[in-house]
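Spelled out, the chains give:
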Amino acid sequence: MNDTIRACLEHVRKPARYTGGEYNAVYKDKSQVDLRFAFCFPDLYEIGMSHLGSKILYGLLNSMEGVWCERAYAPFLDMEEQMRKRGQPLYALESGDPVGEFDILGFTLQYEMNYTGVLNMLDLAGVPKRAADRKELKPLVIAGGPCVYNAEPMADFFDLITIGEGEEVMPELMNLYRACRDAGESKAEFLKKAAQIGGVYVPSLYEITYKEDGTVAAITPRDGAPAVVRKRVVKDLDKAYYPEKFVVPSTDIVFDRAMIELFRGCRRGCRFCQAGYTYRPIRARQPETLKKQAEALIANTGWDEVSLTSLSSSDYPHLETLCEGLVAKFEPMHVNLALPSMRADSFNLDLAQNIQKVRKSGLTFAPEAGTQRLRDVINKNLQEEDLLEACKLAFAAGYNGVKLYFMMGLPTETDEDLLGISKIVRNVQRTFREYAKNKARGLRINVGISIFVPKAQTPFQWLGQISAEEAARRKEVLMESLNIKGVTYSIHEYKTSFLEAVLARGDRRLSAVLERAWQLGCRLDGWEENFNFDAWMQAFSDTGVDPAFYANRELAPDEVMAWDHISSGVTKCYLYSELEQARKGIATPDCKAGCRNCGALSLTGGKCDV
Amino acid sequence: MFKLRFCFEKNGTSAYISHLDLMKALQRSFVRAGIPVKYSQGFNPHIEMSIVVPLSTGYETRCDLCDLDLVCDDMPENFVEDLNAVMPRGMKVLHAGAADRPVREIAYSAYEIVLPAGDALAMKALFDGPVTLEKRSKRGRRDVNLQDYIKELTFANEGDKTLCRCILAAGNDPLNPMYLTQALKNTGLVEEDATAKYIRTGILDENCEIFWKK
Ligand code: SF4
């Protein structure tokens, strides 16, 4: 850490976010390193340090001889101000060296609202934002993460984007980079070769043409780039790299605990959920593997909690065996288990109690919609009876708080569906009155309502988001009906969801908007207090782009989509058939009842672990 | 049970670990090192420990103290080595032993303040008379005379720095050394936006002797 950084730190809140030096942070001897990689997370330290994928890649890259992967996070406004004032460029936490001098800057795209964060970090690093303005091989600016299934709005900024899981493709890429650099090849030559690696998408090798009505006419690859880039997946998770050490933060972060990953993919097929489709096929780790990983992590970190993560943890086929083993091992060590993402219809009270011996406060369920009809439309195969049954068991056992998550603006939604939310809430209250062990403590219900955002590579990718006026009207309906004693609720801001919708189904013409929005001061847009909607609207008007074209428009069935050249393995045809079922109000049974041939298995062969 | 005390350094990046976060960082280090720590009873068991004299975020220390209850009856073998093998970067245990002296006998802290080069004589002279500043504490704000808190104070020019060595009140009503810098800034002896570095060099008893030694 140099004196300038030290001077910056004197004037900022939570300086420990900017120092590095945490336990298990990797330090290497620069003379033994020939490839320096800056893992850049375009959000604050406390968010980025909680993210499992980053930990896996950090460990993986640092396990490679000669590669040093360091971390950089988006600074908060006070730190950014200090850095700009004192001329301190964005630096890597471990060495304190400017990331602009690194070989590769790798960004993870977790959330559309982080896009301006990428631009701001590049700017702070002194690296030209547009790929076309970076002529040399170094620094190479790349991206990965869940947003890549349509990262077209960011296409102009990245040299390449990896689609899917990084465990195999990253080492391949590092090796290719080294080979090309050592052979003195140009950036263009490198990119051409990189495009031949499975799962590597080089945006500059695709030409996009548009029709007069603004829709995409064609996506044309050149220089031998594949017409469709298929995502990379790890076939056998038990054999895949998993770190034995995580960096242990020296300050508060969102999820300050060890994490093991039970499985990837999800058998449920909720039609609004992008991860539910893009993480397929379903691959589980064996309980023995997981137990070993958890033990190593606890021994190497000293954490007092292990979280069992996945998209839907109660769907893990060996959950009970695993939990029994972990509780037996960890209870005497004062290490707790956390089991997020439990579903109400596979809620297991014994398990919940077993792992949460201490606090009995939190139950969280996500019915998503207020009526069975609408839940069938979105394929949230959860019956109200199952929810109430889970509540009954939990209340009888002493729980007295429930969080319920819903969405508004879902396809085909009527006011009756909206009013269904308050009906569920009242039924939960009634269940409490009938079955609670300790009625006197009272029940706290917290209702969180977000606004539906149609996402690329889901059955709802063809549909538009509701308009601002309609969102406001529905909000009124909800607010009136949720004015219930003992119930608190929050309804997500439409403006943020609208922008998310624009970017989620956007194309390359939005790169100019993003750049303009950044110029107008937009950054850390995911933090409500920083979100400046007016600046965004100005950016749209300055660049002559109509946001409603992206957010609210329904796409024609045969329309070329801006992300048609990216494949998650699940076929477009399957997604469309799911949309048609949704329109008919017919739910699709989950994969446990039989494979629906979504296409994802074409990536791995074999069958899904359900 | 064994009541253990150890003396530790906090340098470089680890200086920015705040007091509360330091508790957590140390607890995790104990667990990693397999130290037989004692957990409290009750619903939310925690490791029984305390950091004897809190230190401001960003300050380095060469001599802070931590008290820790162990379930064993004696000082564990290799305590210092085992713990040092798993500490965050910049932190180091210097020595450990029985917590045999009561904490209330602490009276002073010694500090070094590294300032940009200035007029050492004028700086010293400033504190020869009363210096009134508003002091913040848990109990609120009030005007105090810094002299009442200063036991010893020297200024010396060393290279491109001016080094202040001071012994300040600790205990119930301690003085943070940043007030000295503040006073120097208020009188223009140090520039307003200058950066100072603070290092705690001693935790002392009433006689200005090191409070706890091995
Ligand atoms: S539909 Fe078949 S291939 Fe697709 S996730 Fe379900 S089981 Fe796997």
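Residues numbered from 1 in each chain as written. Chains lettered and ligands numbered in written order. Predicted model: local features only at pLDDT ≥ 70, side-chain atom pairs only at ≥ 80, totals over all residues. Heavy atoms only, no water.

1. Some words on the overall build of chain A
If you tally the helices and strands in chain A, you get 20 helices and 19 strands. Against the compact-globule benchmark of 25 Å for 610 residues, chain A has a radius of gyration of 24 Å, which places it among compact chains. Projected onto the principal axes, the alpha-carbon positions of chain A cover approximately 75 × 65 × 55 Å. In chain A, the share of contacts with a sequence separation of at least 24, taken over all contacts with a separation of at least 6, comes to 78%. Surface exposure of chain A reaches about 23000 Å², of which carbon and sulfur atoms provide 50%. Positive and negative side-chain charges of chain A, numbering 76 and 83 respectively, have mean locations separated by a distance of 3 Å. (Helix = DSSP H or I, 4+ residues; strand = E, 2+ residues; numbered from the N terminus. Rg over C-alpha atoms; globule rule 2.2 N^0.38 Å. Contact = heavy atoms within 4.5 Å. Areas by Shrake-Rupley, 256 points an atom, 1.4 Å probe, with all protein chains shown as cover. Lys, Arg positive; Asp, Glu negative; His and termini not counted. Charge placed at Lys NZ, Arg CZ, Asp CG, Glu CD.)

2. Thoughts on the domain arrangement of chain B
Residue and element names in this part refer to chain B. Its domain assignment divides chain B into domain 1 (2-100) and domain 2 (105-204). Spacing between the C-alpha centres of domain 1 and domain 2 amounts to 28 Å. Counting from both sides, the interface comprises 12 residues of domain 1 and, opposite them, 13 residues of domain 2. Between domain 1 and domain 2, the buried area comes to about 980 Å², and carbon and sulfur atoms account for 61% of it. (Domains from an automatic or database assignment. Buried area = accessible area lost by both parts, 1.4 Å probe.)

3. Let's talk about the interface of chain B and chain A
The interface of chain B with chain A comprises 21 residues on the first partner and 27 residues on the second. For the chain B face of the interface with chain A, the top three residues by lost area are Y16(B), R28(B) and R32(B), together amounting to 34%. Seen at the junction of chain B and chain A, the total is three salt bridges. Between K24(B) and D252(A) there is a salt bridge whose closest N-O contact spans 2.6 Å. (Salt bridge = Lys/Arg side-chain N within 4 Å of Asp/Glu carboxyl O.)

4. Some details on the site of the ligand
Surveying the vicinity of the ligand reveals the residues R280(A), I282(A), C591(A), C595(A), R596(A), N597(A), C598(A), L601(A) and C608(A). Across the shell around the ligand, the residue classes break down as six nonpolar, one polar and two charged. (Near = heavy atom within 4 Å. Nonpolar A, V, L, I, M, F, W, Y, C, P; charged D, E, K, R; others polar.)

5. Let's talk about the nonpolar core
Grouped together as the largest cluster of nonpolar side chains are 232 residues, with contacts concentrated most on F190(A), V428(A), F6(B) and F30(B). If near-sequence neighbours (up to four positions away) are discounted, F6(B) is found in contact with L26(B), F30(B), D64(B), L65(B), C66(B), F79(B), L83(B), V93(B), H95(B), A96(B) and W212(B). Ranked by size, the runner-up nonpolar core spans 29 residues in total, among them Y111(B), L115(B), L146(B) and L168(B). (Core = buried A, V, L, I, M, F, W, Y, C linked by side-chain atoms within 4.5 Å. Buried < 20%, exposed > 50% of the residue type's maximum accessible area, 1.4 Å probe, protein only.)

6. Points about the environment of D73(B)
Residues and elements named next belong to chain B. Within the secondary structure, D73 sits in the loop between β3 (60-70) and α2 (79-84). The exposure class of D73 is exposed, given its relative accessible area of 60%. Between the C-alpha atom of D73 and that of F2, which follows or precedes it by 71 residues, the distance is 5.0 Å. Of the polar contacts made by the side chain of D73, one reaches the backbone nitrogen of M1; its length is 3.2 Å. (Polar contact = N/O pair within 3.5 Å; in protein donor to acceptor, adjacent residues only side chain to side chain.)

7. Side note on the sheet that holds strand β10 (residues 258-261) of chain A
All names here are of chain A. Spatially, the three strands line up as an open sheet ordered β10-β13-β14, and their pairing is parallel. A single partner strand is all that each edge strand has here, and the edge strands are β10 and β14 (336-338). Taken pair by pair, the neighbouring strands of this sheet meet at an average axis angle of 25 degrees, ignoring direction. The sheet contact formed by strand β13 (residues 305-309) and β14 spans three bridges and is parallel. Residue pairing for β14: E305 is matched across the bridge by N336. (Pairing = 2+ DSSP bridges. Axes fitted to C-alpha atoms, helices over the stretch in contact; angles between N-to-C directions.)

8. Considering the packing of helix α17 (residues 510-519) of chain A against helix α18 (residues 533-543) of chain A
All names here are of chain A. Direction vectors running N to C along α17 and α18 enclose 130 degrees, while the axes themselves pass 8 Å from each other. Put simply, α17 runs oblique to α18. As α17 runs across α18, the sense of the crossing is right-handed. Contacts between α17 and α18 involve L510, A512, V513, L514, R516 and A517 on the former and, on the latter, W536, A539, F540, D542 and T543. For the contact of α17 with α18, the class distribution of residues is eight nonpolar, one polar and two charged. (Parallel < 35°, antiparallel > 145°, perpendicular 65-115°, else oblique. Left-handed = near helix turned anticlockwise from the far one by under 90°.)

9. Let's talk about the pairing of strand β5 (residues 106-116) of chain B
Residues and elements named next belong to chain B. Burial analysis of β5 places nine of its 11 residues in the buried class, which makes it a mostly covered element. Here eight bridges tie β5 to strand β10 (residues 197-205), and the two strands are oriented antiparallel to one another. If you follow S109 over to β10, its bridge partner there is I203.

10. Points about the pattern of salt bridges
One side chain can pair with another of opposite charge once the charged atoms of both are near each other. All names here are of chain A. Inspection of the entire model under this criterion finds 68 salt bridges over all chains. Linking D182 and R181 is a salt bridge whose minimum nitrogen-to-oxygen distance equals 3.1 Å. According to the relative accessible area criterion, R181 is partly exposed, its value standing at 24%. Its salt-bridge partner being R473, residue D415 comes within 2.9 Å of it at the nearest N-O pair. Pair noted here: D415 is in helix α14 (residues 415-435) and R473 is in helix α15 (residues 468-481), with a separation of 58 residues, a long-range link. One network of salt bridges, in which partners are shared, links E165, E167, E261, R264, R283 and R285.

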